[in-house]
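Breakdown of the fold
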Amino acid sequence: MEIIEVIITFIKSFVSEVKVTYIIDIVIIAFVLYKLLSLIKETRAEQLVKGFIIILIIAKVSEWAKLYAVNFILQSTFTIGLIALVIIFQPELRKALEHLGRSQWFLTSAKKTVNDEQVRIVNEIADAAGVMSRKKIGALIVVERMIGINDIVETGTVTDAKVSADLLMNIFYPKSPLHDGAVVIKNNRIMAAGCLLPLSTNKYISKELGTRHRAAMGMTETSDAVIVIVSEETGAISMAVEGKLQRFLDPSTLKELMVNALTQEKESNGGEKNAKKK
Ligand SMILES: Nc1ncnc2c1ncn2[C@@H]1O[C@H](COP(=O)(O)OP(=O)(O)OP(=O)(O)O)[C@@H](O)[C@H]1O
């Protein structure tokens with residue numbers, strides 16, 4: 001009986017001392033940790049964070065066991081390591097901040113619809129992809145959505161031309177001077193060709209995919225662009241969006257997926273779902 005009384009007294013004193021702000025504090029920290037862990041999941045950073053946690057644990061144990069030399073070395077490693085971490089993971093940190101910046105947690109609903117010009121552009125891209133697929137002409141087409149990609153445009157040659165299947169095929173024709181690299185479509189125009197995209201560092205991407213597909217994946221990891229890829233080797237048409245690659249598409253499925261991606265509805269909780277097609 002005494003034990004129960006002690007427990008009840010403890011719970012009472014605990015509840016009386018706990019303030020609402022403590023709970024909010026814990027919830028915020030838990031949320032931030034959860035978001036950070038999901039961002040680094042399956043990246044190089046995951047292994048490194050595990051390494052740091054191990055060093056931290058050994059440092060604490062050595063402090064407790066009074067192993068002063070070991071503790072000193074580990075503490076120093078930890079401090080220098082933190083600075084090294086920021087330098088080594090600059091791309092991942094940038095990605096995380098961009099991800100945070102484009103989250104629309106506080107918007108109620110920002111539904112987008114595609115206009116006639118966008119539908120025309122999707123048709124032109126899908127038609128060009130169909131022809132290039134049959135002729136096994138490699139292509140990489142980036143369609144800008146909400147996140148500006150001027151830094152990518154600057155790596156190529158500015159074209160600022162009306163989107164047409166003929167022009168796209170012309171650009172990617174193997175003997176064309178701009179066939180290497182990616183085409184960027186921005187504000188409904190072919191803004192640039194021969195652009196350089198960031199390569200994905202995701203080690204889980206299939207080994208059979210080369211740099212063209214890896215560049216497409218890298219671009220969708222750092223932006224919300226919709227990317228169409230035609231493989232030079234197999235003629236396969238793929239679409240990459242939000243870090244995911246959908247492969248072996250036919251032109252009509254590509255049209256459907258592109259219209260869906262361009263009409264994405266952002267929900268108030270930051271989730272996304274496909275809006276109805278126009
Ligand atoms: N970082 C990049 N940015 C833009 N384009 C790139 C980039 N890296 C490679 N490419 C394009 O991809 C071409 C090389 O493709 P590669 O054969 O390595 O890839 P792949 O994914 O196997 O494609 P494919 O199936 O067409 O062979 C290059 O000639 C270039 O046009």
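What counts and what doesn't
- Residues numbered from 1 in each chain as written.
- Predicted model: local features only at pLDDT ≥ 70, side-chain atom pairs only at ≥ 80, totals over all residues.
- Heavy atoms only, no water.
- UniProt positions renumbered as here; feature names shortened; annotations may be inferred.
- Near = heavy atom within 4 Å.
- Polar contact = N/O pair within 3.5 Å; in protein donor to acceptor, adjacent residues only side chain to side chain.
- Areas by Shrake-Rupley, 256 points an atom, 1.4 Å probe, with all protein chains shown as cover.
- Helix = DSSP H or I, 4+ residues; strand = E, 2+ residues; numbered from the N terminus.
- Nonpolar A, V, L, I, M, F, W, Y, C, P; charged D, E, K, R; others polar.
- Salt bridge = Lys/Arg side-chain N within 4 Å of Asp/Glu carboxyl O.
- Patch = residues over 30% accessible without salt bridge, like charges linked within 9 Å, V, L, I, M, F, W, Y side chains within 5 Å.
- Buried < 20%, exposed > 50% of the residue type's maximum accessible area, 1.4 Å probe, protein only.
- Axes fitted to C-alpha atoms, helices over the stretch in contact; angles between N-to-C directions.
- Left-handed = near helix turned anticlockwise from the far one by under 90°.
- Contact = heavy atoms within 4.5 Å.
- Parallel < 35°, antiparallel > 145°, perpendicular 65-115°, else oblique.

You'll find the protein chain entered in an unreviewed UniProt entry as Diadenylate cyclase, with Fusibacter tunisiensis given as the organism. Checking UniProt for the protein chain, the heading Sequence similarities (unreviewed entry) contains the comment "Belongs to the adenylate cyclase family. DacA/CdaA subfamily." Its UniProt record, at the heading Subunit (unreviewed entry), says of the protein chain: "Probably a homodimer."

Turning our attention to the site of the ligand. Around the ligand, 15 residues are found, and the nearest of them are Asp180, Thr211, His213, Ser231 and Glu232. Glycine 210 has a polar backbone atom sitting 3.0 Å from an oxygen atom of the ligand. Take glutamate 232: an N or O atom from its main chain is 2.5 Å from an oxygen atom of the ligand. When isolated, the ligand has an accessible area of 640 Å², and the protein chains bury 78% of it. By residue number, the principal contributor to the shell around the ligand is helix α9 (residues 211-222), which donates four residues. Residue composition of the shell around the ligand, by class: six nonpolar, five polar and four charged.

A separate point is the pattern of salt bridges. Counted by the stated rule, this structure contains nine salt bridges. Across the salt bridge formed by glutamate 124 and arginine 120, the nearest N and O atoms sit 3.9 Å from each other. Of the two residues, glutamate 124 and arginine 120 are both situated in helix α6 (residues 116-135); the distance of four residues between them amounts to about one turn of the helix. Here aspartate 160 and arginine 189 are joined by a salt bridge, their closest N and O atoms 3.0 Å apart.

A contiguous nonpolar surface patch, about 750 Å² in accessible area, is contributed by Val20, Ile24, Ile28, Ile29, Phe31, Val32, Leu33 and Leu36. Along the chain, phenylalanine 31 falls in helix α2 (residues 20-40). Residue classification places phenylalanine 31 among the partly exposed positions, given a relative accessible area of 41%.

Bringing the packing of α6 against helix α10 (residues 251-262) into the picture now. Two elements in contact, α6 and α10, have axes separated by 9 Å at closest approach and are oriented at 145 degrees. Between α6 and α10 the crossing geometry is right-handed. Of the residues in α10, those in contact with Val122, Asn123, Ile125, Ala126, Asp127, Ala129 and Gly130 of α6 are Pro251, Leu254, Lys255, Met258, Val259 and Leu262.

With that out of the way, let us pick up unusual backbone geometry. The phi torsion of most residues other than glycine is negative, and most of the peptide bonds are trans. The phi dihedral of asparagine 187 falls on the positive side, at around 50 degrees, and the residue is not glycine. Positionally, asparagine 187 belongs in the loop between β4 (182-186) and β5 (189-195). We classify asparagine 187 as exposed; its relative accessible area is 58%.

Where α6 meets helix α8 (residues 165-172), the closest approach of the two axes is 8 Å, and the angle between their N-to-C directions is 45 degrees. Of the possible angle classes, the one that applies to α6 and α8 is oblique. Helix-helix and strand crossings are classified by hand; for α6 and α8 the assignment is right-handed. Where α6 approaches α8, its residues Glu124, Ile125, Asp127, Ala128, Val131 and Met132 are matched on the opposing element by Ala165, Leu168, Met169 and Phe172. Taken together, the residues of the contact of α6 with α8 sort by class into eight nonpolar, no polar and two charged.

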